[in-house]
Amino acid sequence: MILADKIMNLRKKAGWSQDELASQLNVTRQSVSKWEGAQSVPDMDRIVQMSRLFGVTTDYLLKDEIENEELGSSEPESALRRVTMEEASRYLTIRRADAPRIALAVLLCVVSPVVLILMACLCESGRFGISSNAGAGIGLCVMLCIVAVAVVLFIRTGHRAADFEFLEKEAFETEYGVASMVKERKKEFSEQHSRLNTLGTVLCILSVLPIFAALAFSLPDVWAGIGVCLLLLLAAFGCYAFVYGGVYYSAMDKLLEEGDYTREKKKKSPVFAAVSTAYWLIVTAIFLYCTFGPNGNGQPGTLWYIWAVAGVLYGAIAAFRGVILRSGKR
């Protein structure tokens, strides 16, 4: 197991992918993957080749202890931050505990306009004697309160993990045993992660049914607005499932520098997060301007389609990003 960790750390320190190391050693990528997963051991010829490639002695690779003083003179001392077993365990504990809080915050952000849209629909129906201004005021107050709660959750969970922000921004190396421990936990959690992703996918797909039903039966705008509320609720619970499993799973990917957190992708992830935040803020601003601006009529219920269009466009943007990232790996 110690050899597996040494090979992985040396490869990452050199900035190579598994494919690049395999090419240097004239072996398959699967062979390198098995070495790093402790499923097989390289032969002596490959050990000698790696000692020359990485500038280390064969004793360093083969001995049970990690002896930094045995590094060859051709390998400069690593400037990468080192993650200890204690730090890795603490980080995973924090992220697992924070996963439901972060998922709840995302759910609240998605459902925050529901009351505003619902109040607009009630005002438009005229059955409850609520004026348009009163309905809009109540809806906006509730929306801001919900968003405030979500922001508090984001800030608190972000503060707890602030010491580990470097994991998604910088290259690092792990202490002996860390990679093996994280891989074992990832294997244990993979089934639950798959179930949560399946649930989230199903809910997001079903979320459009209320809109289709309103269109199919030619229902008035009031029911179309209620359909949007149901769409947001179903999508919110779908997001909850995605985020609940994704927070902990991505924490393990960060420690292993896999998935969306390889060294090549770390410079791109913060950009998309910032774009996502700006996107929904802009959508909200457009909705409020169209409703209460100079040309607005003060009735949000007639503008429910803005949220439906925004949701579809966001899905398209996320899918396009996925295609770009996948094509970049080739």
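Rules used throughout
- In every chain, residue numbers begin from 1 and rise along the written sequence.
- Totals for whole chains, interfaces and linings use all residues, but because this is a predicted model, local features are given only for residues with pLDDT of at least 70 and pairs of side-chain atoms are given and counted only at 80 or more.
- As a rule here, side-chain values cover all heavy atoms of the structure and leave hydrogens and water aside.
- Only DSSP runs of H or I reaching four residues or more are called helices, and only runs of E reaching two or more are called strands; each is numbered from the N terminus.
- Should any heavy atoms of two residues lie within 4.5 Å, those residues are considered in contact.
- The Shrake-Rupley method, run with a 1.4 Å probe sphere, supplies the accessible areas, and residue values consider only the shown protein chains as cover.
- Lines fitted to C-alpha atoms define the axes here, with helix axes fitted over just the stretch in contact, and angles between the N-to-C directions of these axes take values from 0 to 180 degrees.
- In this scheme the crossing of two helices becomes right-handed for a clockwise turn of the near helix relative to the far one and left-handed for an anticlockwise turn of less than a right angle.
- Think of it as three bins: nonpolar holds Ala, Val, Leu, Ile, Met, Phe, Trp, Tyr, Cys and Pro, charged holds Asp, Glu, Lys and Arg, and polar takes everything else, Gly as well.
- Known as pLDDT, the predictor's per-residue confidence is scaled from 0 to 100.
- Burial classification: accessible surface area is computed with a 1.4 Å probe over protein chains only, and a residue below 20% of its type maximum counts as buried, one above 50% as exposed, and the rest as partly exposed.

Chemist: Explain the overall build of the protein here, please?
Modeler: Looking only at helices and strands, the protein has 13 helices and two strands in total. Excluding contacts between residues fewer than 6 apart, the proportion of contacts in the protein whose partners are at least 24 apart in sequence is 73%. Carbon and sulfur atoms make up 61% of the accessible area of the protein, which totals about 18000 Å².

Chemist: Looking at this structure, how should I read the packing of helix 1 (residues 2-14) against helix 4 (residues 44-54)?
Modeler: Packed helices, taken two at a time, are described by the angle between their axes plus the distance between the axes. Their axes nearest at 11 Å, the elements helix 1 and helix 4 cross at an angle of 35°. The two elements helix 1 and helix 4 cross, and the hand of that crossing is left-handed. Residues Leu3, Ile7, Leu10, Arg11 and Ala14 of helix 1 lie in contact with helix 4, whose contacting residues are Ile47, Met50 and Phe54. Counted by class, the contact of helix 1 with helix 4 contains seven nonpolar, no polar and one charged residues.

Chemist: Can you help me understand the confidence of the model for the protein in this one?
Modeler: Caution applies to low-pLDDT parts of the model: their predicted coordinates are not meant to be read in detail. Averaged over the protein, the pLDDT score is 78; the fraction of residues at 70 or greater is 75%. The least confident element of the protein is helix 13 (residues 305-328), whose mean pLDDT is 61; the most confident is helix 6 (residues 85-111), at 92. Ignoring residues within four places in sequence, the model shows residues 65-78, a span with pLDDT below 50, making 24 contacts including any to other chains.

Chemist: How should I be thinking about unusual backbone geometry in this particular structure?
Modeler: Working note: non-glycine residues mostly have negative phi, and peptide bonds are mostly trans. A positive phi is found at asparagine 26, a non-glycine position, where the angle reads about 60°. If you trace the backbone, asparagine 26 turns up in the loop between helix 2 (18-25) and helix 3 (29-36). Its relative accessible area of 68% is what places asparagine 26 among the exposed residues.

Chemist: Sorry, what's going on with the environment of valine 115 here?
Modeler: Inspection of the secondary structure puts valine 115 in helix 7 (residues 114-125). When its relative accessible area of 26% is taken as the criterion, valine 115 is described as partly exposed. Separated by 28 residues in the primary sequence, valine 115 and methionine 143 have C-alpha atoms spaced 7.0 Å apart. Once you skip the residues sitting within four places of it in the chain, valine 115 turns out to touch Gly139 and Val142.

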